[in-house]
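# Commentary on secondary and tertiary structure
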Amino acid sequence: MHKQTTISIIAIILGIITIAFPMLGVIAAADILGLSVLLLAIFLLANGVSEVEYNTTRGLINTILGIIMLIISLGLIFNPSIFAFLTALTIYLAGIFLIIIGLIIIVGNRDNKYGFWMGILGIILGVIYIILGTYIRNPLILGSLIGIWLLITGILNLLDDGYY
């Protein structure tokens, strides 16, 4: 089995799971966001502590930001209700990420005959995600949008004869 086929099947399975259980996408998003912020916090803390000797102001700012981000990341990972507090920002970020992924697919996926349409789909669903997130704020619908994107992208990849 080609790597492309494996990735496509994984996308289809994740899409089906996310559509069937849309809250899993939201919970997973909180954990992924929490882990990302945690890694950034660790970097800022290490950088801030090591930089204090050379540039006190920048070192202190990095350390303070690192501590704030560490607290936020641990809250996101261990207390999903904090995610609800940050949902407004997360909605925009998730939509923006879908748009960026769509643009990347359009530019970087020239070998895939469906690459253009997968990119357009990412852009359209990103815009819809932002609009629905702004007015509806229903995590079931938002989680389903991500599942739909995964499912369609996986199917289009399977239908394609080329590789990434």
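Residues numbered from 1 in each chain as written. Predicted model: local features only at pLDDT ≥ 70, side-chain atom pairs only at ≥ 80, totals over all residues. Heavy atoms only, no water.

### Quick word on the overall build of the protein chain
- Regarding its fold elements, the protein chain presents 7 helices and 0 strands.
- Put simply, the protein chain runs from its N terminus to its C terminus through helices and strands in the order α-α-α-α-α-α-α.
- Of all 164 residues assigned to the protein chain, the portion counted as buried reaches 34%.
- Long-range contacts, defined here as pairs at least 24 residues apart, represent 67% of the contacts in the protein chain between residues at least 6 apart.
- Within the structure as shown, the protein chain displays about 9800 Å² of accessible surface, and the carbon and sulfur contribution to it stands at 78%. (Helix = DSSP H or I, 4+ residues; strand = E, 2+ residues; numbered from the N terminus. Buried < 20%, exposed > 50% of the residue type's maximum accessible area, 1.4 Å probe, protein only. Contact = heavy atoms within 4.5 Å. Areas by Shrake-Rupley, 256 points an atom, 1.4 Å probe, with all protein chains shown as cover.)

### Some points on the confidence of the model for the protein chain
- Overall, the predicted model of the protein chain reaches an average pLDDT of 76, with 76% of residues at or above 70.
- When mean pLDDT is taken per element in the protein chain, helix α6 (residues 115-135) scores highest with 83 and helix α4 (residues 80-85) scores lowest with 69. (pLDDT = per-residue confidence, 0-100.)

### Topic: the nonpolar core
- Counting residues in hydrophobic clusters, the biggest one holds 13 residues, and the most contacted among them are L125, Y129 and W149.
- Elements that contribute at least two residues to this core include exactly α5 (87-108), α6 and α7 (139-159).
- Apart from the residues within four sequence positions on either side, W149 is in contact with L98, I101, I105, M118, L121, G122 and L125. (Core = buried A, V, L, I, M, F, W, Y, C linked by side-chain atoms within 4.5 Å.)

### Focus on the packing of aromatic side chains
- Tallied over the entire structure, the rule returns 1 aromatic pair.
- Aromatic side chains F116 and W117 sit 5.0 Å apart centroid to centroid with 80° between the ring planes, which places their arrangement in the edge-to-face category. (Phe/Tyr/Trp six-rings, centres within 6.5 Å; stacked < 30°, edge-to-face > 60°.)

### Regarding a nonpolar patch on the surface
- On the surface, a nonpolar cluster with roughly 600 Å² of combined accessible area is contributed by I9, I10, I13, L14, I17, F21 and L158.
- Along the chain, I13 turns up in helix α1 (residues 3-20).
- Residue I13 is classed as partly exposed on the basis of its relative accessible area of 44%. (Patch = residues over 30% accessible without salt bridge, like charges linked within 9 Å, V, L, I, M, F, W, Y side chains within 5 Å. Salt bridge = Lys/Arg side-chain N within 4 Å of Asp/Glu carboxyl O.)

### Considerations on α6
- Relative to the 30 Å expected for 21 residues at 1.5 Å per residue, α6 spans 30 Å between its end C-alpha atoms, a close match to the ideal helical length.
- Burial in α6 covers these residues: G115, M118, G119, L121, G122, L125, G126, Y129 and G133. Buried residues of α6, viewed axially, fall in a sector of 155°; they line one side. Residues of α6 that are exposed and point over 90 degrees away from its buried face: W117 and Y135. (Expected span 1.5 Å × (residues − 1). Arc of directions from axis to C-beta.)

### Considering the environment of L39
- Structurally, the position occupied by L39 is in helix α2 (residues 22-51).
- A relative accessible area of 52% means that L39 is categorised as exposed.
- Sequence spacing of L39 and S73 is 34 residues, and the spatial spacing of their C-alpha atoms is 8.8 Å.

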